[in-house]
Amino acid sequence: MKLSKIINECRLETIVFCTDCEIENGYCGDLMSDVMAHAGADCIWITIQAHKNSIAVALIKDIKSIVFTNNVTVEKEVIEKAKEEKINLLRTDKDSFTVCGEIYCLMEAKTAKD
Amino acid sequence: MSPQLILEQAIQKKLNLISITDHNTVQHSILACKLSEDMPIRVIPGVELTSKEEVHLLAYFPNIEALFKMKKEIDNYLPVKKNNSKVFGNQLYYDLDGEIIGIDYTLRQVALNIGLDNLVDFVHSIEGIAVPAHIDKDRFSLLKQLGFLDQEADYDAVEVSKFKWIKEKYHLGDTWDGFPVIAGSDSHCVEDIGLFLLEDNQEEIRNFISLKDFLRRSKQQ
């Protein structure tokens, strides 16, 4: 599924948009050690951890899109680093549970249709 | 644990330099500093902070005034929630004579609403030193929460658990990815005090200033 479809359907705020990549799956986690161990490549990562290490973790894991939930503040430094590394950054005031549910339903519906 | 008791035990165990670093609170660290003025032991003002990312950060300061500034910052960023004494126990306040004078009803086991890097910058702005705590542990540690140690980060040192320190046979002056390693005793009751300590064979570290200087030199090497 295209990232732009997820952004539109879930009404996510776009902070950095580099490429309209294909999202294969998703991962939700706030412990970066856990994300490094378990998140898959090309997934959309849902988290409240808007630290600049998040960008580094995304790079290591080949994650191209991150959704920051719970209305967290995203510092300028994080945004700059994301632009530099071409990572898409999205943001929402919804909590992680809600966003995961919405994205999951979207992707399941698409799989069922295919 | 009253500051009076902590100091008595530390002196009995022949410790020369200690710091009391309670979670997101400074009263007892300040009391211990005041009490120690007439005692054969030096106390560095300190606190253990929890950043927004739920990383524990130790902060040490040159004097009580700086720790007071830190307290104000904690008050600004600590969410107002009530402590549940069934879970975390009662948080008692003691006075200089070791008498209980009150109970702290504020929940201290929560994260401050400020990110780790900004917290480190604030500690530095008031001349303190900032040390991510027990980075080898599974809970509230830099490595668990943020995944890895950023070599460009501005930490003055990293702290490991005493278990890691013993296992790795660390000595003062050793480094982890370029950051000087220290370890705390993690004493949560009087009996713990003195069971674990750092040996300063060169007898260089006497107070906050010499500690800061020592860490700076260890980091550069």
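Check the entry above for the structure.
What you are looking at is a predicted structure, and each value in this text was computed from that prediction instead of being measured. (Residues numbered from 1 in each chain as written. Chains lettered and ligands numbered in written order. Predicted model: local features only at pLDDT ≥ 70, side-chain atom pairs only at ≥ 80, totals over all residues. Heavy atoms only, no water.)

**Re the overall build of chain B**
Our working definition: Where helices and strands are cited, they refer to DSSP runs of H or I of at least four residues and of E of at least two residues respectively, numbered from the N terminus. Only C-alpha atoms enter the radius of gyration; for comparison, a globular chain is expected to reach 2.2 Å times N to the power 0.38, where N is the number of residues. Residue burial is assigned from relative accessible area. The probe radius is 1.4 Å, only protein chains are included, and a residue is buried under 20% of its type maximum, exposed over 50%, and partly exposed in between. Should any heavy atoms of two residues lie within 4.5 Å, those residues are counted as being in contact. In short, Shrake-Rupley with a 1.4 Å probe defines the accessible areas, and a residue's cover is counted only from the protein chains shown. His is not counted, nor are the chain ends, whereas Lys and Arg count as positive and Asp and Glu as negative. We put the charge of a Lys on NZ, of an Arg on CZ, of an Asp on CG and of a Glu on CD.
Scanning chain B from N- to C-terminus turns up 8 helices and 9 strands. At 17 Å, chain B has a C-alpha radius of gyration in line with the 17 Å of a compact globule built from 221 residues. Each principal axis of the C-alpha distribution contributes one length, and for chain B these read about 45 × 40 × 30 Å. Taking all 221 residues of chain B together, 48% fall into the buried category. Considering only contacts in chain B between residues 6 or more positions apart, those separated by 24 or more positions represent 66%. As displayed, chain B offers around 11,400 Å² of accessible surface, 48% of which is attributable to carbon and sulfur atoms. If the 24 positive side-chain charges of chain B are averaged to one point and the 35 negative ones to another, these points end up 3 Å apart.

**Notes on the interface of chain A and chain B**
Size of an interface, as often reported, equals the accessible area lost when the parts are brought together. Note the cut-off: Accessible area that two parts lose when put together, with a 1.4 Å probe and added across both, is what the buried area reports. Think of a salt bridge as a Lys or Arg side-chain nitrogen and an Asp or Glu carboxyl oxygen that are within 4 Å of each other. Counted as a polar contact is a pair of N or O atoms within 3.5 Å, where, for protein atoms, one must be capable of donating a hydrogen and the other of accepting one, and residues adjacent in sequence contribute only when both atoms are in side chains. When residues are grouped by polarity, Ala, Val, Leu, Ile, Met, Phe, Trp, Tyr, Cys and Pro land in nonpolar, Asp, Glu, Lys and Arg in charged, and all others, Gly among them, in polar.
Across the contact, 13 residues belong to chain A and 11 residues belong to chain B. A combined buried area of about 1,100 Å² lies between chain A and chain B, and 46% of that area is made up of carbon and sulfur atoms. Here chain A and chain B share 2 salt bridges between them. Among the ionic pairs, Asp 117 of chain B bridges to Lys 52 of chain A, the shortest N-O distance being 3.5 Å. Along the contact surface separating chain A from chain B lie 8 residue pairs in polar contact (both at pLDDT 80 or more). Listing elements by their share of the side of chain A that touches chain B, those giving two or more residues are α2 (32-38) and α3 (52-61) of chain A. In terms of residues, the side of chain A that touches chain B owes the most to one element, α3 of chain A, which gives 4 residues. Of the residues contributing to the side of chain A that touches chain B, the split by class is 5 nonpolar, 5 polar and 3 charged.

**What to know about the environment of Gln 220 of chain B**
Residues and elements named next belong to chain B. Position of Gln 220 relative to the elements: it lies in helix α8 (residues 208-220). Relative accessible area serves as the criterion here: at 63%, Gln 220 is assigned to the exposed category. As for Gln 220 and Cys 189, which are separated by 31 residues in sequence, their C-alpha atoms are 36 Å apart.

**Let's talk about the packing of helix α2 (residues 27-36) of chain B against helix α3 (residues 64-77) of chain B**
The relative placement of two packed helices comes down to the angle between their axes together with the axis-to-axis distance. Residue and element names in this part refer to chain B. Worth spelling out the cut-off: All axes are obtained by fitting lines to C-alpha atoms, using only the stretch in contact for helices, and the reported angles, taken between N-to-C directions, cover 0 to 180 degrees. We call two directions roughly parallel when the angle between them is under 35 degrees, roughly antiparallel when it is over 145, roughly perpendicular when it lies between 65 and 115, and oblique otherwise.
Taken N-terminus to C-terminus, the directions of α2 and α3 make an angle of 170°; their axes are 10 Å apart at the nearest point. On the basis of the axis angle, α2 is roughly antiparallel to α3. Residues Gln 27, Ser 29, Ile 30, Cys 33 and Lys 34 of α2 touch α3, and the partners they reach there are Ile 64, Leu 67, Phe 68 and Lys 71.

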